[in-house]
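# Structural description and commentary
Chain residues, written in single-letter form:
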Amino acid sequence: MQKFEVTNTNLEEAEMTRTALEQMREAGLQPIEGELKKTEEDGKMIEEVNQLLGIIAERFHIEIIPIEPDSIHFLPAKIFEDYTGHEIRGLYYVKTGCILLNDDLLRNKSERVDILIHESLHMLSHHKFLARDDNEIIAYRGGYEIEPTHKEYDRLEGLNEMVVVQLERILMSIYADKFGKEYNFTEEDFSRIERGGIYGDLLSSMIKKIADQKGENYATVADRFLKGHFTGEMLHLKDIEKVYGPRSLRILAMLDDGHDPNPEMITLREMVLGYFREEDALRREKMTEGIFNQFDRWLQSARKETEEPH
Ligand SMILES: [Zn+2]
């Protein structure tokens, strides 16, 4: 079972939350109805991914518990979509601590490994849980992402996703070097590995600017950002404000993980990306008010969405 913290200050509450989560995670290891039996090749793939995660553990001097094969569930598309409500390739459930993969959408070997690495990285992120007054348990922290205790919006979800994608690209390129030949990776497979996520090179350009300003190596700053995903350390995020301005971290925190189809969020994303692309501090400062207004517009429309019955 992966490690997690419980932040309730009342000891009794903390203990109850921990027990409840352990039970949920135990349930997450049980097969889902209609789940596909793992092939020998899938078993080997999980072992290979655990090997790669071992490289990360060594590089950052952290302990990583190998992913348990039982916490990974391969489902046929129909069952996956009924179960999750999404037509996507895979996802990680934070409370039950399990990964669901859409088998029909993952026939290509490199995509299959890639999504497994991606979701495993979410699984291994630093986790903090909290039971609210109404007894609902929330994942207060997952990597860099902060879920507010009451309905609002997930902060730093976009940064969290960028860090995961960066780690995924590092691990995928090692995987391709080691096993690409064995699994007949094509040119297309190799070039896909190079591609960034929806936010492109925003993370690396932030890291580069911070490194320049502090007179540090790119790799030193990058390691701090990547390691924080596993340890929960966040103090280094203050460096973002030193480079981009006092409100820049709040602006970065508005970015979602790139999956919200809400038109107000699409506009907001563009504005935030434009802000971080802008080199001129004065022009950046002038953009902030518009971004905060757009953020309010998105928040209002997101609230309306949750009020509508589904
Ligand atoms: Zn993700």
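What comes next is a walk through the structure. Remember, it's a predicted structure, so these values are computed and weren't measured experimentally.

For the rest of this paragraph, the subject is the environment of Glu87. Note that Glu87 resides in the loop between α3 (77-84) and β3 (90-93). Counting along the chain gives 197 residues from Glu87 to Arg284, while the straight-line C-alpha distance between them is 37 Å.

This part takes up the sheet that holds β3. Spatially, 3 strands are ordered β2-β4-β3 in an open sheet, and the strand pairing comes out mixed. Looking at strand neighbours, the two that pair on one side only are β2 (72-75) and β3, the edges of this open sheet. This sheet shows a mean twist of 20° between the axes of neighbouring strands, independent of strand direction. As paired elements, β3 and strand β4 (residues 98-102) share 4 bridges and run antiparallel to each other. Pairing of Tyr93 across the sheet is with Cys98, part of β4.

At a closest axis distance of 9 Å, the pairing of helix α4 (residues 109-124) and helix α5 (residues 157-179) adopts a crossing angle of 135°. As summarised for this structure, α4 and α5 are arranged oblique, according to the angle between their axes. α4 and α5 meet at a crossing whose hand is right-handed. Facing Val113, Asp114, Ile117, His118, Leu121 and His122 of α4, the residues of α5 in contact are Val164, Leu167, Glu168, Leu171, Met172 and Tyr175. Looking at the contact of α4 with α5 residue by residue, the classes come out as 8 nonpolar, 2 polar and 2 charged.

The axes of two packed helices give the description: the angle between them and the distance between them. As a packed pair, helix α2 (residues 40-60) and α5 sit with axes 10 Å apart at the nearest point and diverge in direction by 125°. What the angle tells us is that α2 and α5 run oblique. Relative to α5, α2 is oriented so that their crossing is right-handed. Where α2 abuts α5, its residues Glu48, Leu52 and Ile55 lie against Leu171, Ile174, Tyr175 and Phe179.

Now for the pairing of strand β5 (residues 127-131). Within β5, 4 of the 5 residues are buried, which leaves it mostly tucked inside the rest of the structure. Direction of pairing for strand β1 (residues 5-6) relative to β5: parallel, over a ladder of 2 bridges. Its bridge partner being in β5, Val6 is matched across the sheet by Phe129. Looking at chain direction, β5 and strand β6 (residues 137-142) are connected through 5 bridges and run antiparallel. Pairing of Lys128 across the sheet is with Arg141, part of β6. The hairpin turn running from β5 into β6, its antiparallel successor, is 5 residues long, and Asn135 in that turn takes a positive phi close to 75°.

Pairing is mixed across the open sheet formed by 4 strands, whose spatial order is β1-β5-β6-β7. Here the strands that pair on one side only, and so sit at the sheet edges, are β1 and β7 (145-146). Packing against the sheet, helix α1 (residues 11-28) makes contact with β1, β5 and β6, and its axis sits at approximately 120° to β5.

The next point concerns helix α7 (residues 202-214). Taking 1.5 Å of rise per residue, 13 residues should cover 18 Å, and α7 covers 18 Å from first to last C-alpha, within 8% of that figure. For α7, the complete set of buried residues consists of Leu202, Leu203, Met206, Ile207 and Ile210. Buried residues in α7, looked at end-on, bunch into an arc of 130°, giving them a common side. Opposite the buried face of α7, at more than 90 degrees from it, the exposed residues are Ser205 and Asp212. Tucked inside the fold, the buried residues of α7 contact α5, α8 (218-231), α9 (238-244) and α11 (263-277).

The rules we used
Every chain is numbered on its own, with residues counted from 1 as its sequence reads. A pLDDT threshold of at least 70 governs which residues receive local features in this predicted model, and a stricter bar of 80 or more applies before side-chain atom pairs are shown or counted, although totals over entire chains, interfaces and linings include all residues. A run of DSSP states H or I qualifies as a helix once it reaches four residues; a run of E qualifies as a strand once it reaches two. Both are numbered from the N-terminal end. By this definition, two strands are paired if DSSP reports at least two bridges between them. Between N-to-C directions, angles span 0 to 180 degrees; the directions come from axes that are lines fitted to C-alpha atoms, helices contributing only their stretch in contact. Any angle that is under 35 degrees is reported as roughly parallel, and any over 145 degrees as roughly antiparallel; angles of 65 to 115 degrees are reported as roughly perpendicular and all others as oblique. Handedness of each helix crossing follows the sense of rotation of the near helix against the far helix: counterclockwise by less than a right angle gives left-handed, clockwise gives right-handed. Throughout, a pair of residues is in contact if the C-beta atoms placed from their backbones lie within 7 Å. Under the scheme applied here, ten amino acids are nonpolar (Ala, Val, Leu, Ile, Met, Phe, Trp, Tyr, Cys and Pro), four are charged (Asp, Glu, Lys and Arg), and all others, including Gly, are polar. With C-beta atoms placed from the backbone, a residue is labelled by how many other C-beta atoms lie within 10 Å of its own: buried for 20 or more, exposed for 12 or fewer, partly exposed between the two. A helix is expected to span 1.5 Å for every residue after the first. Here the arc refers to the set of directions running from the helix axis out to each C-beta atom.

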